[in-house]
Amino acid sequence: MIQLSDRLLAMEESATIAMSRKSRELKTQGKDVISLSLGEPDFNTPQFIKDAANEAMNNNFTKYMPVPGYDDLRESISQKFKRDNGLDYTKDQIVVSTGAKQSIANVVLSLINPGDEVIIPAPYWVSYIEIVKVAGGIPVIVNAGIEKDFKITGPELANVVTPKSKLMIFSTPCNPTGTVYNKEELRGLADAIVKHPSLIVLCDEIYEHINFEGKHESLAQFEDVYEQVVTVNGVSKAWAMTGWRLGYIGAPQTIADACNKVQGQFTSGTCSITQKAAIAAMEANPVVLKDMISAFKNRRTLVLEALSNIPGIKTNNPGGAFYVFPDCSAYFGKSYGSIQINNASDLCMYLLEEALVALVTGDAFGDPNCFRISYAASEETLIEAMRRIKDALSKLK
Ligand code: PMP
Ligand code: GLU
């Protein structure tokens, strides 16, 4: 009999991936499911990036590459950090991996010993918790509810730091809430972080460019905490390159070296062709993203307006990413026929089965009162999805 490891048995399946799998299955059964479950841009990768990939293949960049990434790619990332974020990371402080997901796993495996505490503000992205658990870390959750625009403050962070706190992980713009921390709010967090020199903070900025309100702000810009911050980013979201698998970190040298060592044993680095293509993305002026960003902004308005017309649904005003994370707790305790809604998971299952709309329950993101809508879909699809959701919710009594 196959005996799986305790580590694997303790791991939850990724809820975002599980929900998209479920909707794919229903679609193959002929059901007209609208999937707003996976956080994946519906745009295609820009042609100039595909051209760079073709050129890389034709020039035989098809062999093993330096583990932390080609030098020219890391140089271009170093310049991107300077140009877009005002951050100084040398090429050697940058490690390129098979997606930001692996970048995060590398950092966690490099830093966390069993029993170390990892502070994670909730709502959080699903995979943070599971990656921390694999390393034997103990997630310490700080709740930031919808009434606080899903943000935590410096004093709230200071309250949960203990001598065992090794790492904090958060994203801005945030998946699943779309919340964006401004400079002053990040400074507030930095004030708490600087008082605990052994605390490292992983700031996940993968939605950096999908920001509707203002300028993206990085935590590492504050010199007094620079040595405590790992900045994570990648090409999946802004450049519609989810399938290419490339993420990267800018980090203090010791952490970059450790991540290099980890991936030297795990993956040898990410795809050579992807790396060469990513140079084209890094060197492009982010202005070319403006049409995509304005499409996302229009969709946000559409979804928020539709939600504001559904009784009992509460939202914040997400400043970035492509998610809305509505509070649906007003529906708990209601039913339709034999279907009883007790929590957001029940509601998502009901909406999948009755409305044929796939969403992801807030439980997976650490807020059981909410569910996540990914609005990376056409306006036409979103209008139909919102109509179905409204209809199905109106049947609950
Ligand atoms: N961080 C956040 C907040 C995300 O939403 C995602 C989703 N893809 C990732 C990291 C991982 O991205 P990648 O595709 O680069 O692994
Ligand atoms: N990050 C995306 C999401 O939250 C993609 C899925 C995943 O990587 O888990 O839906």
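One can find the structure itself at the top, above this paragraph.
None of the values given here were measured: they were computed from a predicted structure. (Residues numbered from 1 in each chain as written. Chains lettered and ligands numbered in written order. Predicted model: local features only at pLDDT ≥ 70, side-chain atom pairs only at ≥ 80, totals over all residues. Heavy atoms only, no water.)

With 14 residues, helix H9 (residues 253-266) ought to run about 20 Å at 1.5 Å a step, and its terminal C-alpha atoms sit 20 Å apart, in line with that. Within the sequence span of H9, burial applies to Ile255, Ala256, Cys259, Val262 and Gln263. Along H9, the residues classed as buried sweep out an arc of 120° about the axis, all on the same side. Facing away from the buried side of H9, by more than 90 degrees, are the exposed residues Thr254, Lys261 and Gln265. (Helix = DSSP H or I, 4+ residues; strand = E, 2+ residues; numbered from the N terminus. Expected span 1.5 Å × (residues − 1). Buried < 20%, exposed > 50% of the residue type's maximum accessible area, 1.4 Å probe, protein only. Arc of directions from axis to C-beta.)

Turning our eyes to something else, we now look at the sheet that holds strand S14 (residues 371-374). Read from one edge of the open sheet, three strands run S9-S14-S13, paired in antiparallel fashion. Each edge of the open sheet is held by one strand with a lone partner, namely strand S9 (323-324) and strand S13 (360-361). For S9 and S14, the ladder comprises two bridges, and the chain directions are antiparallel. Bridged to Val324 within S14 is Ile373. (Pairing = 2+ DSSP bridges.)

Attention now moves to the sheet that holds strand S8 (residues 247-250). Neighbouring strands of a sheet are bound in pairs by backbone hydrogen bonds; such pairs are parallel or else antiparallel. Reading across the sheet, the seven strands line up as S2-S8-S7-S6-S5-S3-S4 and stay open at both edges, with mixed pairing between neighbours. Edge positions in the sheet fall to strand S2 (94-97) and strand S4 (138-143), since each of these pairs with one other strand and no more. Each strand axis lies, on average, 20° off the axis of its neighbour in the sheet, ignoring direction. (Axes fitted to C-alpha atoms, helices over the stretch in contact; angles between N-to-C directions.)

To continue, consider the site of ligand 1. Taken together, Gly99, Ala100, Lys101, Trp125, Tyr128, Asn175, Asp204, Ile206, Tyr207, Ser236, Lys237 and Arg245 make up the full set of residues near ligand 1. Between Ala100 and ligand 1, the recorded distance is 2.7 Å, taken from a backbone N or O atom to an oxygen atom. The side chain of Asn175 places a nitrogen or oxygen atom 2.6 Å from an oxygen atom of ligand 1. Taking 390 Å² as the accessible area of ligand 1 by itself, protein coverage stands at 93%. Of the residues that constitute the shell around ligand 1, the class distribution is five nonpolar, three polar and four charged. (Near = heavy atom within 4 Å. Polar contact = N/O pair within 3.5 Å; in protein donor to acceptor, adjacent residues only side chain to side chain. Areas by Shrake-Rupley, 256 points an atom, 1.4 Å probe, with all protein chains shown as cover. Nonpolar A, V, L, I, M, F, W, Y, C, P; charged D, E, K, R; others polar.)

Now for the site of ligand 2. The environment of ligand 2 is formed by Ser14, Thr16, Ile17, Leu38, Gly39, Lys101, Trp125, Asn175, Lys237, Tyr323 and Arg372. For ligand 2, the accessible surface in isolation is 290 Å², of which the surrounding protein chains cover 87%. When grouped by side-chain class, the residues that make up the shell around ligand 2 number four nonpolar, four polar and three charged.

Any link to function would need more than the numbers given here.
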